[in-house]
Each structure stands twice: as C-alpha cells, then as structure tokens.
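Here is how the chains run, residue by residue.
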Amino acid sequence: SWQGWNAELEGVHSDASPTVHLPHLLRILGPSSLTLYKHILGRRRVLIITLPPVEAACILCQVAADTCYQEQVSEQPSNDGGDRCDDPTSHPLKGRSTAGVKVLGMVTLNDLDKLDFESKTGRGWIACTTDSIFLDKPSYYDLLIDLRSATPNTRPSFHVSKPVEQ
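Summary of the structure given here. (Residues numbered from 1 in each chain as written. Predicted model: local features only at pLDDT ≥ 70, side-chain atom pairs only at ≥ 80, totals over all residues. Heavy atoms only, no water.)

**A word on the side chain of histidine 39**
Structurally, the position occupied by histidine 39 is in helix H3 (residues 33–41). Those residues within four positions of histidine 39 in sequence are excluded, and the remaining contacts are Arg44, Val46, Asp142 and Leu143. (Helix = DSSP H or I, 4+ residues; strand = E, 2+ residues; numbered from the N terminus. Contact = heavy atoms within 4.5 Å.)

Given below as structure tokens:
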C-alpha cells in the first residue's frame, strides 16, 4: 500500500534513478498515464501543477521523459552479433529531433520567455510549477496535469489546450 510521497522519496530508492519510481507514477495517474506518454512521445509541451514541495512532481517529469526517451531510441543491433548496446547515446533518435524531450524542471512566471523559446524548437518539454495562473494561459502548454487535487483515492485532472482559430 502506498504511504504517500514522503515515504516514497525518503525510502531506499530516493537517490537511485528516477525511473525506479515508474510504478508509483502509474499508480498515481492510472490509465491517464497513456495520455501523458502520448504527449511526451509526440514531443508536446507538458506542464504539471503541484503544491510545494515540488520534488515529487520533478521526479514525475524525469520519469516520463526517461520512459519516452527509451522508446525514441532506435534499436539497432550492435556489431557483436545482435545484442542491443546499453548506451542510449550510441543510437540516433527517431522523429523530428535528434534529442529527447527536454526536462525543464521547476518553472515560474519568470520563465515565460524560456517556455516560448523551448516551444519553438519542436523538441517538446515537460516541466512542473506551483503557479496556478498557468491554468489561464493555455497557449504555453499542450497538456496540463493538475496534481493539487490528487489524493491516494482520486486521480489528478488533465487539461488539454485547444488551438484558437484566428
């Protein structure tokens, strides 16, 4: 049974790879994790709103990016007879960009120019914030995940921005 983020982050795996937390990401998001996966894999802009402390949301960002990075890496056989090389930097990425989805970490309203710049690269990004004003700024994200209302018995809410026709 899940005992909350404090037990999760202060446990045995707290200094290990963020991907160790993947089962907990799936438990928190449930079937909605497929929506997150689709947006990250499609190199979209994903913003996660959370309450302080933000460490859990930052780990969620890194786990989502790591999971999709492995999917973007082409699995070409190595020269020694078919075993896949474990070094992800030795394989080119599939898709529009030669780099994985960028993890911006914690962003605030001071980072609006950075979000604009990163959006123009076509690489996609994932970030977290505590500024709920982003709910009123859908032009800065493609998917917004609101973790503020999530409890062990409820799922977080997802908001998808719709392009405005001019």
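There is more to say after this.
**Let's talk about the sheet that holds strand E2 (residues 102–106)**
Across a sheet, paired strands are connected by hydrogen bonds in the backbone, their directions being either parallel or antiparallel. Spatial ordering of the open sheet is given by E2-E3-E1-E4-E5, a layout of five strands whose pairing is mixed. In the strand order of this sheet, the two ends are held by E2 and strand E5 (157–160), each with one partner. Between one strand axis and the next, the sheet turns by 15 degrees as a mean value, whatever way the strands run. Of the pairings in the sheet, the one linking strand E1 (residues 45–49) to strand E3 (residues 125–129) comprises five bridges and is parallel in character. By the bridge assignment, isoleucine 49 is partnered in E3 with threonine 129. (Pairing = 2+ DSSP bridges. Axes fitted to C-alpha atoms, helices over the stretch in contact; angles between N-to-C directions.)

**Notes on the state of the cysteines**
One pass over the full model with this rule turns up zero disulfides. You can see cysteine 61 has no disulfide; the closest cysteine sulfur is in cysteine 128, sitting 4.6 Å from it. In this structure cysteine 128 is not part of a disulfide, and its nearest cysteine sulfur, from cysteine 58, lies 3.2 Å away. On the basis of relative accessibility, which here comes to 0%, the residue cysteine 128 falls in the buried class. (Disulfide = S-S within 2.5 Å. Buried < 20%, exposed > 50% of the residue type's maximum accessible area, 1.4 Å probe, protein only.)

**As for the pattern of salt bridges**
Using the criterion set out here, one finds three salt bridges in the structure. Of the charged contacts in the structure, one is a salt bridge between arginine 45 and aspartate 142, with a shortest N-O distance of 3.0 Å. One end of the pair, arginine 45, is in strand E1; the other, aspartate 142, is in the loop between E3 and strand E4 (143–146), with 97 residues separating them in the sequence. The same class applies to arginine 45 and to aspartate 142, which are both buried. Lysine 102 is the salt-bridge partner of glutamate 118, the closest N and O atoms lying 3.2 Å from each other. (Salt bridge = Lys/Arg side-chain N within 4 Å of Asp/Glu carboxyl O.)

Keep in mind these values describe shape, not function.
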